[in-house]
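# An overview of the molecular structure
Okay, here's what each chain looks like letter by letter:
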Amino acid sequence: MKNHYLIPFMLLFVWACKDPVNNEVRSWETRAKQVTIIRDDYGIPHIYAKTDADAVFGMLYAQCEDDFRRVERNYIWATGRLAELDGEDALYSDLRANLYMTEAEAKAAYEGAPRWLQLLCEGFADGVNYYLHSHPEVEPKVLTYYEPWFPMYFSEGSIGGDIERISTERIRSFYEEQKALAYSEFGDGLVHPDPYDEPKGSNGIAISPELSASGNALLLINPHTSFYFRPEIHVVSEEGLNAYGAVTWGQFFVYQGFNEKTGWMHTSTHLDFMDEYMEEVREVGDGIEYAYGDEWRAVEEISLTLKLTSPEGLQEKTFTMYRTHLSSNYPSIG
């Protein structure tokens with residue numbers, strides 16, 4: 001009789017081991033046991049973990065606890081799927097996101113990243129996915145599953161960053177009115193603030209111990225953001241990580257803050273650190289060529305289909321993206 005019971009038990013065991021969903025959930029639950037989140041009297045999370053990757057897992061879980069919608073929206077925007085949430089008004093934001101980096105390029109960047117960075121990205125994805133799994137009452141609006149290649153869309157810690165200096169209206173004019181993205185009156189194709197507006201930006205002040213009343217070094221950081229654009233967090237791992245400061249919703253590093261040895265912040269500036277190229281192009285047969293030195297090279301054409309919500313339901317619109325070798329070379333991550 002025992003053999004009759006043993007066979008179905010073994011089949012059940014094999015089935016459970018082959019079930020990727022159950023295995024993933026068990027992996028999240030195991031990882032969660034390696035992380036401790038303690039909130040102080042102000043509600044600020046203090047994350048303690050054995051490894052940096054586990055600390056990232058805890059950081060993202062805590063951020064989702066505090067404001068999942070901000071985490072969610074930042075990645076909907078970054079992955080070029082905002083029109084699925086906001087409709088046609090966000091269509092050219094999604095196109096701009098793909099002109100900046102496509103899904104295939106984000107995946108390639110992740111695959112080519114060093115293993116230590118991949119582990120952090122996996123901790124990021126696991127942290128958000130475990131939050132959604134353990135909070136079934138929270139319904140994601142567009143992204144139902146977070147992938148470890150999502151962070152590759154961000155080259156720095158401020159959501160938006162340099163990409164928002166590219167005008168979506170100029171992109172719209174190119175596709176809808178066939179107007180070239182010519183140089184502006186400022187000699188480039190970027191968005192410029194009104195020179196009569198009050199100057200805005202960020203600043204930091206470092207005060208040496210000799211000049212402070214307490215005799216301690218002081219670092220004053222102005223995050224130049226709206227309220228709660230960045231939450232505070234403290235993250236510690238047994239691999240040496242010990243940082244306190246501000247993180248941008250959805251990112252897994254302390255963007256402005258300090259550890260036991262130093263402090264860091266960033267400033268906003270309009271210095272010329274972006275390269276622009278004016279291309280001479282010509283139509284040849286069914287394609288387009290551009291001049292490069294004494295030769296003509298084919299312009300790469302990439303078809304992109306975007307989805308957008310509408311009163312009639314989810315719609316699709318297809319664009320052709322154009323690239324030269326100057327816009328196709330992404331720096332390696334390492």
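Rules used in this analysis
- Residues numbered from 1 in each chain as written.
- Predicted model: local features only at pLDDT ≥ 70, side-chain atom pairs only at ≥ 80, totals over all residues.
- Heavy atoms only, no water.
- Helix = DSSP H or I, 4+ residues; strand = E, 2+ residues; numbered from the N terminus.
- Buried < 20%, exposed > 50% of the residue type's maximum accessible area, 1.4 Å probe, protein only.
- Contact = heavy atoms within 4.5 Å.
- Polar contact = N/O pair within 3.5 Å; in protein donor to acceptor, adjacent residues only side chain to side chain.
- Core = buried A, V, L, I, M, F, W, Y, C linked by side-chain atoms within 4.5 Å.
- Phe/Tyr/Trp six-rings, centres within 6.5 Å; stacked < 30°, edge-to-face > 60°.
- Lys NZ or Arg CZ within 6 Å of the ring centre and 35° of its normal.
- Axes fitted to C-alpha atoms, helices over the stretch in contact; angles between N-to-C directions.
- Parallel < 35°, antiparallel > 145°, perpendicular 65-115°, else oblique.
- Nonpolar A, V, L, I, M, F, W, Y, C, P; charged D, E, K, R; others polar.
- Pairing = 2+ DSSP bridges.

This part covers the environment of A55. Looking at the secondary structure, you find A55 in helix α3 (residues 52–78). Classification of A55 by relative accessible area gives buried; the value is 0%. Here the alpha-carbon distance between A55 and T36, two residues 19 residues apart in the chain, equals 8.9 Å. Those residues in contact with A55 that sit more than four places away from it in its chain are I47, A49, V235, V236, S237 and L241.

Burial runs high along helix α5 (residues 91–100): eight of the ten residues are buried. Turning to α5, its buried residues are L91, Y92, S93, D94, L95, R96, A97 and N98. Buried positions along α5 lie against α3, α4 (83–86), α8 (168–176), β12 (300–310) and β13 (313–323).

Inspection of the secondary structure assignment puts S93 in helix α5. Separated by 3.5 Å, the side chains of S93 and W77 make a polar contact. With residues near it in sequence (within four places) discarded, S93 still touches W77, L82 and T168.

With that out of the way, let us pick up the nonpolar core. The biggest cluster of nonpolar side chains holds 63 residues, and the ones touching the most others in it are F68, Y75, L95, F124, V128, Y146 and F252. Counting residues per element, this core draws most heavily on α3, which supplies 15 residues. Among all residues touching V128, those that are not within four sequence positions of it are L60, C64, F68 and Y146.

We describe a pair of aromatic rings using the distance from one ring centre to the other and the angle between the two ring planes. One pass over the full model with this rule turns up 19 aromatic pairs. Judged by centre distance (6.3 Å) and plane angle (80°), the rings of Y75 and Y146 are edge-to-face. Highlighted residues: Y75 in helix α3 and Y146 in the loop between α7 (115–134) and α8, separated in sequence by 71 residues. In this structure, Y75 and Y146 share a single accessibility class: buried. Ring geometry for Y75 versus F150: centroids 6.1 Å apart, planes at 25°, classification stacked. Residue Y75 is found in helix α3, and its partner F150 is found in the loop between α7 and α8; the two are separated by 75 residues along the sequence. Like F150, Y75 is buried. Against the face of W296 rests R282, its NZ or CZ located 3.9 Å from the ring centre.

The axes of two packed helices give the description: the angle between them and the distance between them. The interhelical angle for the contact between α5 and α8, taken along N-to-C directions, is 95°, at an axis separation of 9 Å. Comparing the axis directions of α5 and α8 gives the class roughly perpendicular. On α8, the residues touching Y92, S93, L95, R96 and L99 of α5 are T168, I171, R172, Y175 and E176. Residue composition of the contact of α5 with α8, grouped by class: five nonpolar, two polar and three charged.

A few words now on the sheet that holds strand β11 (residues 295–298). Judged by pairing direction, the sheet is antiparallel, and its three strands sit side by side in the order β9-β10-β11 without closing on themselves. Among the strands making up the open sheet, the edge pair consists of β9 (281–284) and β11. If you compare each strand with its neighbour and ignore which way they point, the axes differ by 40° on average. Where strand β10 (residues 287–292) lies against β11, four bridges are found, and the strand directions are antiparallel. Residue pairing across strands places A291 opposite W296, the latter belonging to β11.

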